[in-house]
Amino acid sequence: MSSVVHLAAPQRRGPDLKDLVARTAFGDQDAFAALYDAVAGQVLGLIRRVLRDPAQSEEVAQEVMLEVWRTAARYEPARGEVLAWVLTMAHRRAVDRVRAAQAAVDRDQRAAAKAHTPVFDEVAEQVEGRLEREQVRRCLRMLTELQRESVTLAYYRGFSYREVADLLATPLGTVKTRMRDGLIRLRDCLGVAS
C-alpha cells in the first residue's frame, strides 16, 4: 500500500499594502513604486468603468496615484484597507471628472440659450420671483422646527450636514433624515414633480 502525500503549493502573498503606505508617507519612493504596481491596474480599471474614455481614465488614474503619494500620511488603518482607501479616492475623482464634464456641457447650453433668449418683462419677472419666494416661505413654515432649521442652515447658509448637526447639537443621522423628510415635504408643498 503506497501512500501519496500531496503538498499544497505555497501561496504567493501580495505586498503588505499598509506597510507600503506607511513607508510612502515618509517619502520612500521604492515603497511608492511597489504600491503603484500593486494597485494601479485596479485604479485604472475602476476609473475606466466610470469615465469610459481611455485617455481621460489614464489621466485621472495618474492624478489619483499622485494624491496617494501626497496624502499617504493621512491613511488610517483602523478605518479600512489600503485598497479600499485608494479605490474610494479613484471613484470620487472619476465621478468629479464626469460632473465637471457635465457642468461644462450645461454651461455651454446655458450660454447658447442666453444668446437666443427673448426680451422679458422685468416687472413680471420680479413679481413672479416674489410670489415664488413667498410660496417657499409658506412651505418652510409647514416643516417641523428641526427640519426648517436644518434646511435653512444647509441651503440658505451653505453649511454641510456635519456642520448643521454640530450647530443644532443633533446626531448627524437625525439631521440627514429630517432634511430628507423636510425636502420631500417642501417638494410636495411647492408642487415640484420628482
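Structural notes, computed from the coordinates. These numbers were taken from a predicted model, which means no experiment stands behind them. Along each chain, the written sequence defines residue order, and numbers are assigned to residues from 1. Reporting of local features is limited, given that this is a predicted model, to residues whose pLDDT is at least 70; pairs of side-chain atoms are given and counted only at 80 or more, and all residues count toward the totals for whole chains, interfaces and linings. Water and hydrogen atoms were dropped before computing side-chain values, which therefore reflect all heavy atoms in the structure.

## What to know about the layout of surface pockets
So the rule is basically this: Put simply, the grid is 1 Å and covers the protein atoms alone, a cavity is a trapped set of points that fit a 1.4 Å probe, a pocket is an open set with protein on both sides within 12 Å along at least five of seven lines, and lining residues have an atom within 4 Å of a point. Grid points are joined across faces, edges and corners, and a volume is the space filled by probe spheres set on the points. Residues were grouped as follows: Ala, Val, Leu, Ile, Met, Phe, Trp, Tyr, Cys and Pro as nonpolar; Asp, Glu, Lys and Arg as charged; and all remaining residues, including Gly, as polar.
Estimates place the volume of the largest pocket at around 300 Å³. Residue lining of the largest pocket: Arg 74, Tyr 75, Glu 76, Arg 79, Gly 80, Glu 81, Ala 84, Trp 85, Thr 88, Met 89 and Arg 92, and that is the complete set. When the residues that make up the lining of the largest pocket are grouped by side-chain class, the tally is 4 nonpolar, 2 polar and 5 charged.

## Considerations on the packing of aromatic side chains
What counts is decided by this rule: Planes of paired rings set the category: under 30 degrees apart is stacked, over 60 is edge-to-face and the rest tilted, where pairs are Phe, Tyr or Trp rings (Trp by its six-membered ring) whose centres lie within 6.5 Å. Secondary structure is summarised from DSSP: a helix means a run of H or I of at least four residues, a strand means a run of E of at least two, and numbering begins at the N terminus for each.
With the rule as written, the count across this model stands at 3 aromatic pairs. Here Tyr 75 and Trp 85 contribute two aromatic rings whose centre-to-centre distance is 5.2 Å and whose plane-to-plane angle is 55°, an arrangement assigned as tilted. In this pair, Tyr 75 is assigned in the loop between helix 3 (54-71) and helix 4 (82-115) and Trp 85 in helix 4, connecting sequence segments 10 residues apart. Put simply, the rings of Phe 32, Tyr 36 and Trp 69 pair up and form one aromatic cluster.

## Re the packing of helix 5 (residues 122-141) against helix 6 (residues 145-156)
Cut-off, in case you're wondering: In this description, a line fitted to the C-alpha atoms serves as the axis of each element, helices being fitted only across the stretch in contact, and the angle between N-to-C directions of two axes falls anywhere from 0 to 180 degrees. Roughly parallel covers angles under 35 degrees, roughly antiparallel covers those over 145, roughly perpendicular covers 65 to 115, and oblique covers all other angles. Contact between two residues is taken to exist if any of their heavy atoms lie within 4.5 Å; hydrogens are not considered.
One way to put it is that helix 5 packs onto helix 6 with a least axis distance of 10 Å and a crossing angle of 140°. When the axis of helix 5 is compared with that of helix 6, the two are oblique. Contacts between helix 5 and helix 6 involve Val 136, Leu 140 and Arg 141 on the former and, on the latter, Arg 148, Val 151 and Tyr 156. Partitioned by chemical class, the residues of the contact of helix 5 with helix 6 number 4 nonpolar, no polar and 2 charged.

## Describing helix 6
Spelled out, the test is: Expected helix span is given by 1.5 Å per residue-to-residue step, counting one fewer step than there are residues.
Its 12 residues place the ends of helix 6 15 Å apart at the C-alpha level, agreeing with the 16 Å of an ideal helix rising 1.5 Å per residue. Gly 158 sits one or two residues past helix 6 and shows a positive phi near 80°.

## Some points on a negative patch on the surface
Which entries qualify depends on this criterion: In this analysis, a patch consists of residues with relative accessible area above 30% that form no salt bridge, clustered at 9 Å for like charges and at 5 Å for the nonpolar side chains Val, Leu, Ile, Met, Phe, Trp and Tyr. For the area figures, the Shrake-Rupley method with a 1.4 Å probe applies, and any residue is considered shielded solely by the protein chains shown. Definition used for salt bridges: Asp or Glu carboxyl oxygen within 4 Å of a side-chain nitrogen of Lys or Arg. All tallies of charge rest on Lys and Arg as positive and Asp and Glu as negative; His and the ends of each chain are not included. A charged residue contributes its charge at one atom only: NZ of Lys, CZ of Arg, CG of Asp or CD of Glu.
On the surface, a cluster of negative charge is contributed by Glu 122, Glu 125, Glu 128 and Glu 132. Tracing the chain through its elements places Glu 125 in helix 5.

## Here we look at the side chain of Thr 24
Using the following cut-off: Nitrogen and oxygen atoms within 3.5 Å of one another constitute a polar contact, given that in protein one can donate a hydrogen and the other can accept it, and given that sequence-neighbouring residues count only through two side-chain atoms.
Within the element layout of this structure, Thr 24 appears in helix 1 (residues 17-25). From its side chain, Thr 24 meets the backbone oxygen of Leu 20 in a polar contact 2.7 Å long. Other than its neighbours up to four places away in sequence, Thr 24 contacts Ala 31, Phe 32, Leu 35, Trp 69 and Ala 72.

## Topic: the environment of Leu 168
Looking at the secondary structure, you find Leu 168 in helix 7 (residues 161-168). Each C-alpha atom of the pair Leu 168 and Ser 150 lies 8.1 Å from the other, and the pair is 18 residues apart in sequence. Other than its neighbours up to four places away in sequence, Leu 168 contacts Leu 146, Glu 149, Ser 150 and Leu 153.

## So, the state of the cysteines
Under the convention used in this document: The criterion for a disulfide is a pair of cysteine sulfur atoms lying within 2.5 Å. We call a residue buried when its accessible area falls under 20% of the maximum for its residue type, exposed when it is over 50%, and partly exposed in between, using a 1.4 Å probe and counting protein chains only.
Going through the model one piece at a time under the given rule, you end up with 1 disulfide. Here Cys 139 connects covalently by a disulfide to Cys 189, the sulfurs 2.0 Å from one another. Its torsion about the S-S bond being -75°, the disulfide of Cys 139 and Cys 189 is classed as left-handed. Taken together, the positions of Cys 139 in helix 5 and Cys 189 in helix 8 (residues 172-190) put the pair 50 residues apart, joining distant regions of the chain. Judged by its relative accessible area of 2%, Cys 139 is buried.

## Comments concerning the nonpolar core
Threshold: Only buried residues count toward a nonpolar core. Its members are Ala, Val, Leu, Ile, Met, Phe, Trp, Tyr and Cys residues joined through side-chain atoms within 4.5 Å.
Ranked by internal contacts, the top residues of the largest apolar core, which has 24 residues, are Leu 35, Val 43, Ile 47, Val 64, Val 68 and Val 86. Elements with a minimum of two residues in this core: helix 1, helix 2 (29-51), helix 3 and helix 4. If sequence neighbours within four positions are ignored, Leu 35 has contacts with Leu 17, Leu 20, Val 21, Thr 24, Val 68 and Val 82. By size, the runner-up hydrophobic cluster in this structure holds 7 residues, among which are Val 164, Ala 165, Leu 168 and Val 175.

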